[in-house]
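# Coordinate inspection notes
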Amino acid sequence: DQQVKQNSPSLSVQEGRISILNCDYTNSMFDYFLWYKKYPAEGPTFLISISSIKDKNEDGRFTVFLNKSAKHLSLHIVPSQPGDSAVYFCAASGGDGANNLFFGTGTRLTVIP
Amino acid sequence: DAGVTQSPTHLIKTRGQQVTLRCSPISGHKSVSWYQQVLGQGPQFIFQYYEKEERGRGNFPDRFSARQFPNYSSELNVNALLLGDSALYLCASSLVWGETNEKLFFGSGTQLSVL
C-alpha cells in the first residue's frame, strides 16, 4: 500500500524555467515532509523539508508547498539548472515519535540546456 | 567530515546464501536506519536502531535482521537470499531518534545482486 505517491515518473523542462514536482499522500498522521535528490550511484541527498504546521518553506531556488486538506505537496525549482537533473523523491514521516520515512517512487527531472 | 559510509559497494550472491552489509554513521549520530530500494521504486524502511536497540521495523520477513554496535555502526544481515532481495540497500543516520523533524542522511548504498 503506497502511502506516498509521485504520479509523474519523469519531467523535462528548459533551463531557466520553473520545475514543479508533485507528491500526494494518504496517511493523515504524516506531519513532516521531505524532498530528497538522488544522482546515479549515490544515496539520496536531503534537499528541503516542511512541517505540517506550515504551508510553505523556501530555501534559495527551492520552495516546497504543502496543502494538508488535499494531502498534496509540491516542490518548485526556479530557475531550473542542468545540474538539477536527478531523481527527486518525496518522503513523509508520522507523528508517532519515529522518524522512519515513507518514500514515493520518484520523479526523474531532466533540465535541458 | 565523513558522511555515512557503507561497505561493500557491490555484492553478488546466489539464492540461499547469507549476506552481511555494514554501515558507519556520521560522527556524533546515534541512530542508524536501513532502507531497501528496488529498481524503479522508492526506498522502503527496514529497520531503525538507536542506542543499540531496535526502535522500528518495516514490513520485512524474519530473514532480515540487524544490530547496532557500541560505536553506533550497524550491520544488516539477510539470510536465505531470494532473487527478489536484489536491490540497493541504503543506510541512513540521524543525530537522535524520536524527533519527527530529524533529517536522515544517507550513504551511497550497497548494490546487492542475487543470482
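Residue positions are counted from 1 within each chain, in the order its sequence is given. Here chains are named by letter from A upward and ligands by number from 1 upward, in the order in which they appear as written. Totals for whole chains, interfaces and linings use all residues, but because this is a predicted model, local features are given only for residues with pLDDT of at least 70 and pairs of side-chain atoms are given and counted only at 80 or more. The basis for every side-chain value is the complete set of heavy atoms in the structure, and neither hydrogens nor water enter the calculation.

## Remarks on the state of the cysteines
Disulfides are defined in this document as cysteine sulfur pairs within 2.5 Å. Counting across every chain of the model gives 2 disulfides over all chains. The residue that forms a disulfide with Cys 23 of chain A is Cys 90 of chain A, at a sulfur-sulfur distance of 2.1 Å. Looking down the S-S bond of the Cys 23 of chain A and Cys 90 of chain A bridge, the torsion is -75°, so its handedness is left-handed. Taken as a pair, Cys 23 of chain A in strand S3 (residues 19–25) and Cys 90 of chain A in strand S9 (residues 86–94) lie far apart in primary sequence, 67 residues in all. Cys 90 of chain A shares its class with Cys 23 of chain A; the two are buried. Between the sulfur atoms of Cys 23 of chain B and its disulfide partner Cys 91 of chain B the distance amounts to 1.8 Å. Taking the torsion about the S-S bond as the criterion, the Cys 23 of chain B to Cys 91 of chain B disulfide, at about -65°, is left-handed. A residue pair is termed long-range when its members are at least 10 positions apart, and Cys 23 of chain B in strand S3 (residues 19–24) and Cys 91 of chain B in strand S9 (residues 87–94) qualify at 68 residues. An identical accessibility class is assigned to Cys 23 of chain B and Cys 91 of chain B; each is buried. Strands here are runs of E lasting at least two residues and helices are runs of H or I lasting at least four, both read from the DSSP assignment and numbered beginning at the N terminus. Burial classes follow relative accessibility: with a 1.4 Å probe on protein chains only, a residue under 20% of its type's maximum area counts as buried, one over 50% as exposed, and anything between as partly exposed.

## Let's talk about the pairing of S9 of chain B
All names here are of chain B. The buried fraction of S9 is high, at 8 of 8 residues. Any two strands between which DSSP finds at least two bridges are classified as paired. Summarising the sheet, strand S4 (residues 31–37) and S9 pair through 7 bridges and their orientation is antiparallel. Among the inter-strand pairings, Gln 37 is bridged to a residue of S9, identified as Leu 88. As judged from the 2 bridges shared by S9 and strand S10 (residues 105–106), these two strands associate in the antiparallel manner. Residue pairing for S10: Ser 93 is matched across the bridge by Phe 105.

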